[in-house]
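Structural overview for review
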Amino acid sequence: MSGLVRRLTWRDWAVPAALWAAGQVELWVVGPQTVAVHGPRWPFAVALTVCALAVCFRRTYPVPALLVVVGALALTTREDLHAFLLSGLYLLVVAVFACGRYGRGPIRYAALVLPEVPVLLWTSVIPEIEVGNAWAWGLNAWWVFALGAAFQHERLLREHVAQAVAAQSQAESAEQRLNLAREVHDVVSHGLSVVVVQSELARLFMTSDPARADEAMRRVQDTGREALGETRRLLESLRDPTQGGQTAQAPTWPDVPELVRRMRESGLEVTLDAPGDAPTLTPEASATAYRVVQEALTNALRHAHTSPTSVEVTQQADLLVIDVQNESELTSQANGFAGSPGYGLSGMQERVAACGGLLTTGPRPGGGYRVRAVLPLRGNP
């Protein structure tokens, strides 16, 4: 009990304290002139005190609080001991409201019946109160209870809305983390693949062809700087989404020819066949198209080595079709674009699906590997 008392706040005791004080004034000061008090006054003072204390716990124990109020009022309503105190009636109203507002389960509907007990007892011992008026007072408990239930329903709706907003926020945060993970994978995977290949070339020609080894190391430096720039952009967007991307813009479809040129310099024999006019892609689809080509060529460089690779781009109706194929005689998936199990292909699948497109991958008949992405052009649903 002491623990419950310590947890009470002013919201719990303010209303019952005010009604208790009004009841004491009504009983001891105003009562002798306006209230017909039959019997000693102290039982009514004790009853009001018990009712007020019970109502203090209406938020956590609404139905027991109502039972205490009804019981206290009933015990002070007899032939030789009765008084109609408005403060006692108001405490009863607060207890009924609390059952609708804070009650749980079917037991809270007892508040629709219990208030009739003291009211009917008042009519039996107080001639001034008519039965019709008593029933009207008793039926008021129904709309008081309904008002409390409406407040509870509103609170539940607010909680559901808050939960939905929190779930949406978590989903958006998860989507942002997933997008960032894809970007990091693409940047690091592509950069490190080029660095590894060029480092191997530099080591291979270090003594036999120093000029070619020096050129390979220069490409390592350029690729490293580019990867650092993109990584800095990603970190800035992670720190502050409103400021990210100002230092270095994310690559998009117009950057594909430059990507193909760098891959040629890295040793991949790749050709690009694309229309002269840039396709009308949304910003998301444009970035996705670039990442698809980048991931496909990176896997070709890593696993198919110098095998001929082609990038063909066509526009069919409202669709942009990107077809990347290599001609390696190796039929094993581990030696094609797919590489060892990782997140490259799954990342491409997620990117393309998010844009409303379709990605298909798989070995080619006779060897090699193929990546085909179909993306909607701007304005296509």
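Quick look at the structure, then. The structure presented is a predicted model; accordingly, all values stated were derived computationally and were not measured. (Residues numbered from 1 in each chain as written. Predicted model: local features only at pLDDT ≥ 70, side-chain atom pairs only at ≥ 80, totals over all residues. Heavy atoms only, no water.)

1. Quick look at helix 3 (residues 42–55)
Taking 1.5 Å of rise per residue, 14 residues should cover 20 Å, and helix 3 covers 20 Å from first to last C-alpha, within 8% of that figure. When we look at burial in helix 3, the residues that qualify are P43, F44, A45, A47, L48, C51, A52, A54 and V55. (Helix = DSSP H or I, 4+ residues; strand = E, 2+ residues; numbered from the N terminus. Expected span 1.5 Å × (residues − 1). Buried < 20%, exposed > 50% of the residue type's maximum accessible area, 1.4 Å probe, protein only.)

2. Notes on unusual backbone geometry
The backbone phi angle of A317 is positive, close to 60 degrees, even though this residue is not glycine. With respect to the secondary-structure elements, A317 resides in the loop between strand 2 (309–316) and strand 3 (319–326).

3. Some details on the packing of aromatic side chains
As enumerated under the stated definition, the model contains 2 aromatic pairs in all. Taking the centre distance of 5.8 Å and the plane angle of 70 degrees together, the rings of F97 and F151 count as edge-to-face. On the criterion of sequence distance, the pair formed by F97 in helix 5 (residues 86–102) and F151 in helix 7 (residues 131–204) is long-range, its members being 54 residues apart. F97 sits in the partly exposed class, given a relative accessible area of 24%. (Phe/Tyr/Trp six-rings, centres within 6.5 Å; stacked < 30°, edge-to-face > 60°.)

4. Some words on the nonpolar core
If you look at the biggest cluster of nonpolar residues, it comprises 36 residues, and the most contacted ones within it are L66, V69, L92 and V96. Those elements that place two or more of their residues in this core are helix 2 (10–34), helix 3, helix 4 (62–75), helix 5, helix 6 (116–125) and helix 7. Discounting chain neighbours no more than four positions away, the residues touching V69 are C51, A54, V55, L91, L92 and A95. W253, A285, V293 and L297 belong to the second largest nonpolar core, which has 34 residues in total. (Core = buried A, V, L, I, M, F, W, Y, C linked by side-chain atoms within 4.5 Å. Contact = heavy atoms within 4.5 Å.)

5. Structural notes on the packing of helix 3 against helix 5
At a closest axis distance of 10 Å, the pairing of helix 3 and helix 5 adopts a crossing angle of 20 degrees. Classified by the angle their axes make, helix 3 and helix 5 are roughly parallel. The hand of the helix 3/helix 5 crossing is left-handed. Touching L48, C51, A52 and V55 of helix 3 are S87, G88, L91 and V94, all from helix 5. (Axes fitted to C-alpha atoms, helices over the stretch in contact; angles between N-to-C directions. Parallel < 35°, antiparallel > 145°, perpendicular 65-115°, else oblique. Left-handed = near helix turned anticlockwise from the far one by under 90°.)

6. Points about the pattern of salt bridges
Under the criterion given, the structure shown has 7 salt bridges. In this structure, R59 engages D12 in a salt bridge whose closest nitrogen and oxygen atoms are separated by 2.9 Å. Here the residue R59 occupies a position in the loop between helix 3 and helix 4, and D12 occupies one in helix 2, the gap between them amounting to 47 residues. The class of R59 is partly exposed, set by a relative accessible area of 31%. Using a relative accessible area of 8% as the deciding quantity, one classes D12 as buried. A salt bridge links D80 to R78; the nearest nitrogen and oxygen atoms lie 3.4 Å apart. Here the salt bridges do not stand alone but share partners, grouping E258, R261 and R262 into one network. (Salt bridge = Lys/Arg side-chain N within 4 Å of Asp/Glu carboxyl O.)

7. Quick look at the environment of M263
Of note, M263 is situated in helix 9 (residues 256–265). Given the relative accessible area of 1%, M263 is considered buried. Sequence-wise, M263 and V194 are 69 residues apart; in three dimensions their C-alpha atoms are separated by 8.0 Å. Among all residues touching M263, those that are not within four sequence positions of it are H190, V194, L268, V270, L297, T298 and L301.

8. Re a nonpolar patch on the surface
Nonpolar side chains collect at one region of the surface, where V25, W28, V29, V30, W42, V46, V50 and V68 lie side by side and expose about 730 Å² of accessible area between them. Mapped onto the nonpolar patch, the elements with two or more residues apiece are helix 2 and helix 3. Along the chain, V25 falls in helix 2. (Patch = residues over 30% accessible without salt bridge, like charges linked within 9 Å, V, L, I, M, F, W, Y side chains within 5 Å. Areas by Shrake-Rupley, 256 points an atom, 1.4 Å probe, with all protein chains shown as cover.)

9. Things to note about empty space enclosed by the protein
Within this structure, the stated rule accounts for 2 cavities of 30 Å³ or more. When its volume is computed, the largest cavity comes out at roughly 80 Å³. As for the largest cavity, its lining consists of F44, A47, L48, L73, T76, T77, A83, L85 and W122. At 3 residues, the largest contribution of residues to the lining of the largest cavity is made by helix 3. Here the residues of the lining of the largest cavity are counted per class, giving 7 nonpolar, 2 polar and no charged. Taken as a whole, the second largest cavity encloses approximately 50 Å³ of empty space. As for the second largest cavity, its lining consists of V187, H190, G191, T223, E226, A227, E230 and Q294. The leading source of residues in the lining of the second largest cavity is helix 8 (residues 210–239), at 4 residues. (1 Å grid on protein atoms, 1.4 Å probe; cavity = no way out; pocket = protein on both sides within 12 Å on 5 of 7 lines; lining within 4 Å. Points joined across faces, edges and corners; volume = space filled by probe spheres on them. Nonpolar A, V, L, I, M, F, W, Y, C, P; charged D, E, K, R; others polar.)

10. Points about the packing of helix 3 against helix 4
The interhelical angle for the contact between helix 3 and helix 4, taken along N-to-C directions, is 170 degrees, at an axis separation of 8 Å. Judged by the inter-axis angle, helix 3 sits roughly antiparallel to helix 4. Packed against helix 3, whose contacting residues are A47, V50, C51, A54 and V55, the element helix 4 presents A65, V68, V69, A72 and L73 at the interface. In terms of residue class, the contact of helix 3 with helix 4 is made up of 10 nonpolar, no polar and no charged.

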